[in-house]
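An overview of the molecular structure
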Amino acid sequence: MIANWKMHKTVEESRAFARELVRRMSRSAPSTQLIICPTALSLWAVGQELIGSRVMLGGQNLDLGREGAFTGAVSGYLLHEAGAKWVIVGHSERRQYFGESDSLVSQKVAQAWESHLRPIVCVGESLNDYREARTISVITRQIEALFKETSREALRNIIVAYEPIWAIGTGEVPQPSQANDVAALIREILAQKIPDDRDDVPVLYGGSVSSKNIHQFLSQPHIDGALVGGASLHVEEFLKMADIAPYENTNQEQ
Ligand code: 13P
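Residues numbered from 1 in each chain as written. Predicted model: local features only at pLDDT ≥ 70, side-chain atom pairs only at ≥ 80, totals over all residues. Heavy atoms only, no water.

1. Overview of the site of the ligand
Note the following rule: We call a residue near a molecule or strand when any one of its heavy atoms sits within 4 Å of it. Side-chain atoms alone can form a polar contact between residues adjacent in sequence; in general such a contact is a pair of N or O atoms within 3.5 Å, and within protein one must be able to donate a hydrogen while the other accepts it. The method behind every accessible area is Shrake-Rupley, applied with a 1.4 Å probe, and residues are considered shielded solely by the protein chains displayed. Following the grouping adopted for this structure description, the nonpolar residues are Ala, Val, Leu, Ile, Met, Phe, Trp, Tyr, Cys and Pro, the charged ones are Asp, Glu, Lys and Arg, and the polar ones are all others, Gly among them.
In the vicinity of the ligand, 13 residues are found, and the nearest of them are Lys 6, His 91, Gly 169, Ser 208 and Gly 230. Within the side chain of Asn 4, a nitrogen or oxygen atom sits 3.0 Å from an oxygen atom of the ligand. Between the ligand and the protein, one listed contact pairs an oxygen atom with a backbone N or O atom of Ser 208 at 2.7 Å. If the ligand stood free it would expose 310 Å²; the protein chains cover 95% of that surface. In terms of residue class, the shell around the ligand is made up of four nonpolar, seven polar and two charged.

Have a look at this one:
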């Protein structure tokens, strides 16, 4: 389960969450892999609190390059140095509000891998695309574009998160079986491109996930976990979701 905090929580609030989480975590089932993605500003402080725990740290975005005169930019190298093991790439909010193209997303995936970060690649269709039955073509285009700039080795080490844009922050969710079909499609495309690696790339669902509905998604055979925004901001809710994950997810045991 991955928490994407987006542009929420001060350094102090982030640190307090991490401290509380670690304190209470012995309750939650040990087989769930947990990743927290705070703002870049809070990354290091959260990482300090997570030392010795099984919760990993991720960035929410990276810029290309390593170091240099790029005002405001944060590279994968700097994220890694601050303690991140993972980084979200191609979130729909980056694609929508920051103009990130499929090609830039692919370059960022390559750059993440070069910076010793494992990419969490987000794909998802807009409401219009969904209504006009273009989900399959959009997801296919977004996944296939990854192969333009990124090596197969890097792509063996990604997580893919299917996040329909219309489900993010809206309380609307697809039928779990529809999300499962898209996850199956993602697996199929990856299997064609990386034939020896069919089951190793985890596919997650994201979009209005909460402790109330997470089990519906995790019980789908092609969905390995959840990428959670709003509901991950509350420690209680986060622990509830983490408790559910290993019991509902049958896919990893196959
Ligand atoms: P919400 O869980 O708030 O819908 O956000 C989903 C998301 O965008 C996670 O990356």
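2. Let's talk about the packing of aromatic side chains
The condition that has to hold: Here a pair means two rings of Phe, Tyr or Trp (six-membered ring of Trp) with centres within 6.5 Å. Their orientation is stacked below 30 degrees between planes, edge-to-face above 60, and tilted elsewhere. Helix and strand assignments come from DSSP, with helices taken as H or I runs of at least 4 residues and strands as E runs of at least 2, each series counted from the N terminus. Only protein chains enter the area calculation, which uses a 1.4 Å probe; residues under 20% of their type maximum are buried, those over 50% are exposed, and those in between are partly exposed. Only when the NZ atom of a Lys or the CZ atom of an Arg is both within 6 Å of the ring centre and within 35 degrees of the ring normal do we say a charge sits over the ring.
Overall, the coordinates contain five aromatic pairs when judged by the stated rule. Seen in terms of ring centroids, Trp 5 and Phe 17 are 4.7 Å apart; in terms of plane orientation they differ by 70 degrees. Their pairing is edge-to-face. You can see Trp 5 sitting in the loop between strand S1 (2-4) and helix H1 (11-24) and its partner Phe 17 sitting in helix H1, a full twelve residues away along the chain. Relative accessible area serves as the criterion here: at 5%, Phe 17 is assigned to the buried category. Judged by centre distance (4.1 Å) and plane angle (10 degrees), the ring pair of Tyr 205 and Phe 217 falls under stacked. One end of the pair, Tyr 205, is in strand S7 (residues 203-206); the other, Phe 217, is in helix H10 (residues 214-218), with twelve residues separating them in the sequence. Lys 9 extends its terminal NZ or CZ atom over the ring of Trp 5, reaching a point 5.3 Å from the ring centre. Positioned over the ring face of Tyr 77 is Arg 66, at 3.7 Å from the centre of the ring.

3. Structural notes on the state of the cysteines
Working definition of a disulfide: a covalent bond connecting the sulfur atoms of two cysteines. Selection criterion: Pairs of cysteine sulfur atoms within 2.5 Å are identified as disulfides in what follows.
Per the counting criterion, the structure on display carries zero disulfides. This cysteine, Cys 37, is not joined by any disulfide, and Cys 122 carries the nearest cysteine sulfur, 9.1 Å off. Note on Cys 37: relative accessible area 0%, which makes it buried. Exposure remark for Cys 122: the relative accessible area of 2% places this residue in the buried category.

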